[in-house]
Amino acid sequence: MIKIAIDHMPLSANPLSANDFVSSYIYPFIMCPLFRYNNGKLEKLACKNIIVKGKTYCIDLNDNIRYNNGTYATIEDYYETFVKIMNSITYPKYLIENIKKINLVNNKLVITLKRKDIFFLHKLTYYSFSPFKNKLNCGQYYIDNISENTIILKRNKYFNLSILQKENTLEFKKYENHEDIKAFLNNEIQVTNITTFPLELVKELQPEIKESNLMFVLKFSPNLMLKKHKKFRQYIAHIIDKNKINKKLNNMFIIKNDFCLNNGASININYNVKKQKNLTYTQNIKLGYTEFYPNGIIANTIKNQLTKNNINTELCQYNLCEPNDCDIYIDIIFSPFFYDEYFYLSKYFKLCNKYEKTQKEKIYQNIIKICYNNANIIPILKSKYIYLYNKAVKGRNE
């Protein structure tokens, strides 16, 4: 058994609707989406074969996908999962908003997109795109027990696909206020919470430090996304000081001015929003954040910056699993492909590819210009994973 610390319990017991960080950490163990990442590479999982013609994807299902009670998962089960998500308000719905229609044809899943999406298969790695019914799941593990502060996963003996984890039991236990560090030192757990915490707490213990694909961003309400509010969005993007936010967090995050380049923060940003003047009137907005670290710190820092620039800001804590009425709100996205805005799939990514080949600063400045001009989503910080890992289990379970 491997015992792992978490800082909160999943917000929903249903993986199809859960969208908080801990859910994204635990539920992939129990789900079996069509594709997955293995050592950073996209590979088939539940998908046996796929044919892509233009905007149409024809998918065959592996015939050995089985729930933890031994019954077989069918292509109908996957189809019903997609339909449930498309008809809900859950987070995964935004990953497939580009789907025009989805059908079952000759025992195949046929998906037609509204427009081409070079990251569509990557999106299908999200754990919610896997059947979950009557508390049965078809991943490597199943939920054996849930208590107030603990989730225990047991191996699904009917899982016959390539196994990435070898342990028979995984126990996730909630710890608060960095109590997991003490538990680790007392050999009560093998892995501390991977949510970023101040490095000085564990520096002498030589923790694992890894980049994640989690990015903190600022999103706008549908009203502020209207064309008439574009300059206001640009104004907000212009006045947010990401260096000060990161300083409040002990400089433990990666400052992001773009959405997918790794070294953007190290380049001097010359681009400023042109003809952008201070507001001559007071604007009132509501800024939303969740209760989880470090959202409150980020929200308070942004509030102070906005208030100094004539934007009266009211803080509002919202629930990830419910709609919110905030004007702007802090969210976590899985960079770089979980967007529905058109420009990310066109000129933006072409420039990113060109920059990665040439490393020309002028190209990077053009990338930043696109981000600022549109200001549909404002990138703020990229997370790191900083955690303690028992060397006895390291290697065989990464």
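Residues numbered from 1 in each chain as written. Predicted model: local features only at pLDDT ≥ 70, side-chain atom pairs only at ≥ 80, totals over all residues. Heavy atoms only, no water.

K.L.:
What is the right way to read the overall build of the chain from this model?
P.N.:
Across its full length, the chain holds nine helices and 18 strands. Taken across its 398 residues, the chain has 55% of its residues classed as buried. Sequence separation of at least 24 residues holds for 70% of the intrachain contacts in the chain that already meet a minimum separation of 6. For the chain, the exposed area adds up to about 19,500 Å²; of that, 46% sits on carbon and sulfur atoms. (Helix = DSSP H or I, 4+ residues; strand = E, 2+ residues; numbered from the N terminus. Buried < 20%, exposed > 50% of the residue type's maximum accessible area, 1.4 Å probe, protein only. Contact = heavy atoms within 4.5 Å. Areas by Shrake-Rupley, 256 points an atom, 1.4 Å probe, with all protein chains shown as cover.)

K.L.:
Looking at this structure, I do not really get unusual backbone geometry. What am I missing?
P.N.:
Among all residues save glycine, negative phi is the norm, and among peptide bonds the norm is trans. Of note, the phi angle at Lys135 is positive, near 65°, even though the residue is not glycine. In this structure, Lys135 sits in the loop between strand S8 (132-133) and strand S9 (136-137). For Lys135, a relative accessible area of 73% translates into the label exposed. If you check the backbone angles, Asn251 has positive phi at about 55° while not being a glycine.

K.L.:
Please clarify how the pattern of salt bridges should be interpreted in this entry.
P.N.:
Side-chain pairing between opposite charges can occur once the charged atoms of the two side chains come close. Taken as a whole, this structure holds seven salt bridges when the rule is applied. One salt bridge in this structure joins Lys154 and Asp144, with 3.8 Å as the shortest N-O distance. With Lys154 in strand S11 (residues 150-155) and Asp144 in strand S10 (residues 141-146), the pair connects residues that are ten residues apart, well separated along the chain. Judged by its relative accessible area of 29%, Lys154 is partly exposed. Looking at Asp144, the relative accessible area reads 38%, which means it is partly exposed. Close ionic contact of Lys174 with Glu176 constitutes a salt bridge, the shortest N to O distance being 3.3 Å. For Lys174, a relative accessible area of 26% translates into the label partly exposed. (Salt bridge = Lys/Arg side-chain N within 4 Å of Asp/Glu carboxyl O.)

K.L.:
Would you mind going over the confidence of the model for the chain with me for this structure?
P.N.:
Detail in the predicted coordinates should be disregarded across regions flagged by low pLDDT. Per-residue confidence for the chain gives a mean pLDDT of 84, with 87% of residues at or over 70. Low pLDDT (under 50) marks residues 270-276, which in the prediction has 14 contacts with non-local residues, meaning those over four places away or in another chain. Low pLDDT, under 50, characterises residues 338-343; the predicted model gives this stretch 18 contacts beyond four residues in sequence or across chains. (pLDDT = per-residue confidence, 0-100.)

K.L.:
For this particular structure, what's the right way to read the side chain of Lys242?
P.N.:
On the secondary structure map, Lys242 appears in helix H6 (residues 242-248). Accessibility expressed as a relative area gives 7% for Lys242, which makes it buried. Of note is the side chain of Lys242, whose polar atom sits 2.8 Å from the backbone oxygen of Pro379. Here Lys242 is in contact with Ile255, Lys256, Asn257, Pro379, Ile380 and Leu381, once residues within four sequence places are set aside. (Polar contact = N/O pair within 3.5 Å; in protein donor to acceptor, adjacent residues only side chain to side chain.)

K.L.:
Sorry, what's going on with a positive patch on the surface here?
P.N.:
On the surface, a cluster of positive charge is contributed by Lys55, Lys100, Lys101 and Lys116. Mapped onto the secondary structure, Lys116 falls in the loop between strand S7 (108-113) and helix H3 (120-123). Overall, the relative accessible area of 62% leaves Lys116 in the exposed class. (Patch = residues over 30% accessible without salt bridge, like charges linked within 9 Å, V, L, I, M, F, W, Y side chains within 5 Å. Lys, Arg positive; Asp, Glu negative; His and termini not counted. Charge placed at Lys NZ, Arg CZ, Asp CG, Glu CD.)

K.L.:
Is there a simple way to explain the packing of aromatic side chains in this structure?
P.N.:
What describes a pair of aromatic rings is the distance from one ring centre to the other and the angle between the planes of the rings. Scanning the entire structure with this criterion turns up 14 aromatic pairs. With centroids separated by 5.9 Å and ring planes inclined at 45°, the aromatic side chains of Phe29 and Phe172 adopt a geometry described as tilted. Here Phe29 is found in the loop between helix H1 (21-26) and strand S2 (35-38), whereas its partner Phe172 is found in strand S12 (residues 169-174), with 143 residues between them in sequence. Across this residue pair, the class does not change: Phe29 and Phe172 are buried. Grouped by ring-pair contacts, the aromatic residues Phe21, Tyr25, Phe29, Tyr141, Phe172 and Tyr385 constitute a single cluster. (Phe/Tyr/Trp six-rings, centres within 6.5 Å; stacked < 30°, edge-to-face > 60°.)

K.L.:
Whenever I open this one, helix H7 (residues 295-307) confuses me. Can you help?
P.N.:
One turn of the α-helix equals 3.6 residues, which is why residues spaced by three or four share an orientation. Helix length check: H7, at 13 residues, gives a terminal C-alpha distance of 18 Å against a target of 18 Å (1.5 Å per residue), a fit within 8%. Those residues of H7 lying buried are Asn295, Gly296, Ile298, Ala299, Thr301, Ile302, Gln305 and Leu306. (Expected span 1.5 Å × (residues − 1).)

K.L.:
Is there a simple way to explain the sheet that holds strand S4 (residues 47-53) in this structure?
P.N.:
Neighbouring strands of a sheet are bound in pairs by backbone hydrogen bonds; such pairs are parallel or else antiparallel. The four strands lie next to each other as S4-S5-S7-S6, forming an open sheet whose pairing is antiparallel. Taken across any chain shown, the strands that pair with only one partner, and hence form the sheet edges, are S4 and strand S6 (99-105). Neighbour to neighbour, the strand axes of the sheet diverge by 20° on average, direction disregarded. When strand S5 (residues 56-61) meets S7, the two strands line up antiparallel, connected through four bridges. When the bridges of S7 are listed, Ile59 appears paired with Leu109. (Pairing = 2+ DSSP bridges. Axes fitted to C-alpha atoms, helices over the stretch in contact; angles between N-to-C directions.)

K.L.:
How should I be thinking about the state of the cysteines in this particular structure?
P.N.:
Every disulfide links exactly two cysteines, by a covalent bond between their sulfur atoms. A complete count under the given rule lists zero disulfides for this structure. Free cysteine Cys47: the closest other cysteine sulfur is in Cys58, separated by 9.7 Å. With no disulfide partner, Cys326 has as its closest neighbouring cysteine sulfur the one in Cys316, 4.2 Å distant. (Disulfide = S-S within 2.5 Å.)

K.L.:
What should I look at first to understand the packing of helix H5 (residues 230-239) against helix H9 (residues 361-374) in this one?
P.N.:
Two numbers describe how H5 lies on H9: the axes approach to 7 Å, and their chain directions differ by 125°. Regarding the angle of H5 to H9, the classification is oblique. Where H5 abuts H9, its residues Lys230, Arg233, Gln234, Ala237 and His238 lie against Tyr372, Asn373 and Asn374. Among the residues making up the contact of H5 with H9, the classes are represented as two nonpolar, four polar and two charged. (Parallel < 35°, antiparallel > 145°, perpendicular 65-115°, else oblique. Nonpolar A, V, L, I, M, F, W, Y, C, P; charged D, E, K, R; others polar.)

K.L.:
It is not clear to me how the sheet that holds S11 should be interpreted in this structure. Could you clarify?
P.N.:
The strand order S1-S12-S11-S10 describes an open sheet built from four strands, whose pairing is mixed. Each having just a single partner strand, strand S1 (2-6) and S10 make up the two edges of the open sheet. Between one strand and the next, the sheet's axes are offset by a mean angle of 25°, whatever the strand orientation.

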